[in-house]
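Residue-level listing of the chains:
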Amino acid sequence: MSIRKGIFLIGYKPTQHGISGALDGYARIDNQEQPVIAKQMSDEKILAEIFCALLGRSFGLVCPEPVLLIGQADNRVYFGSIKHPGENLGQYLKLPQPEEVWMPKYAELLNEW
């Protein structure tokens, strides 16, 4: 499995979902603009996000394609995922809304594991 790389384009905005400070925008990947969700975080967390996405996809879970992005505006490294219409993993697992209620507990359980 390979990880595609791209440029996180100027013009992104904060997402309306989640608690991780994710950004909603576009990236130029393979000479095409694609909608993405991106997060700026430590290298270790980026590697963990990529690993978890690839692992989930290998088990057939609904996980968007992970991508590694470089910010056009700031030259920083971002973890990204290709945005697609349809349900996300939380919806697939039928987790209650809002995400702020279950996400911290979910993260705590994963950290303990």
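Residues numbered from 1 in each chain as written. Predicted model: local features only at pLDDT ≥ 70, side-chain atom pairs only at ≥ 80, totals over all residues. Heavy atoms only, no water.

**Student:** So what's going on with the packing of aromatic side chains? Which residues, and what values?
**Tutor:** Here a ring pair, both rings aromatic, is described through the centre-centre distance and the interplanar angle of the planes. For the coordinates displayed, the defined rule picks out two aromatic pairs. Aromatic pair Phe-8 and Tyr-12: ring centres 4.7 Å apart, planes at 10 degrees, arrangement stacked. Taken together, the ring pairs in this structure connect Phe-8, Tyr-12 and Tyr-78 into an aromatic cluster. (Phe/Tyr/Trp six-rings, centres within 6.5 Å; stacked < 30°, edge-to-face > 60°.)

**Student:** Tell me about the nonpolar core, and name the residues and values.
**Tutor:** Core analysis: the biggest nonpolar cluster contains ten residues, these being Phe-8, Leu-23, Ala-27, Ile-29, Val-36, Ala-38, Val-67, Leu-69, Tyr-78 and Ile-82. If you tally residues by element for this core, the top one is strand β3 (residues 23-29), at three residues. Excluding anything up to four places from it in sequence, Phe-8 contacts Leu-23, Gly-25, Tyr-26, Ala-27, Val-36, Ala-38, Leu-69, Ile-70, Gly-71, Gln-72 and Tyr-78. (Core = buried A, V, L, I, M, F, W, Y, C linked by side-chain atoms within 4.5 Å. Buried < 20%, exposed > 50% of the residue type's maximum accessible area, 1.4 Å probe, protein only. Helix = DSSP H or I, 4+ residues; strand = E, 2+ residues; numbered from the N terminus. Contact = heavy atoms within 4.5 Å.)

**Student:** Tell me what's going on with the pairing of β3, and back it up with residues and numbers.
**Tutor:** Burial analysis of β3 places five of its seven residues in the buried class, which makes it a mostly covered element. Sheet topology places strand β2 (residues 13-14) next to β3; two bridges connect them, and they run antiparallel. Paired with Lys-13 across the bridge in β3 is Asp-24. As paired strands, β3 and strand β4 (residues 32-39) are joined by seven bridges and run antiparallel to one another. Looking at the pairing, Leu-23 lines up with Ala-38 of β4. Where β3 hands over to β4, the hairpin turn is made up of two residues, of which Asp-30 adopts a positive phi near 55 degrees. (Pairing = 2+ DSSP bridges.)

**Student:** Pulling in residues and values, what's your account of the pattern of salt bridges?
**Tutor:** All chains considered together, the criterion is met by four salt bridges. Between Asp-30 and Arg-4 there is a salt bridge, with its nearest N and O atoms 2.8 Å apart. Of this pair, Asp-30 sits in the loop between β3 and β4 while Arg-4 sits in strand β1 (residues 4-8); the two residues are 26 residues apart in sequence, bridging distant segments of the chain. Between Glu-49 and Lys-39 there is a salt bridge, and its shortest N-O distance comes to 3.1 Å. In this pair, Glu-49 is assigned in helix α1 (residues 43-58) and Lys-39 in strand β4, connecting sequence segments ten residues apart. For Glu-49, a relative accessible area of 25% puts it in the partly exposed group. Through salt bridges with shared partners, a single ionic network connects Arg-4, Asp-30 and Glu-65. (Salt bridge = Lys/Arg side-chain N within 4 Å of Asp/Glu carboxyl O.)

**Student:** How would you summarise the pairing of β1 if you had to cite specific residues and measurements?
**Tutor:** Two strands pair when backbone bridges link them, and β1 and strand β5 (residues 66-71) are joined in this way by five bridges, in the parallel orientation. Bridging across to β5, Ile-7 finds its partner in Ile-70. With three bridges joining them, β1 and β3 adopt antiparallel strand pairing. Note that in β3 the partner of Phe-8 across the bridge is Ala-27.

These results come straight from atomic positions and should not be treated as a statement about function.
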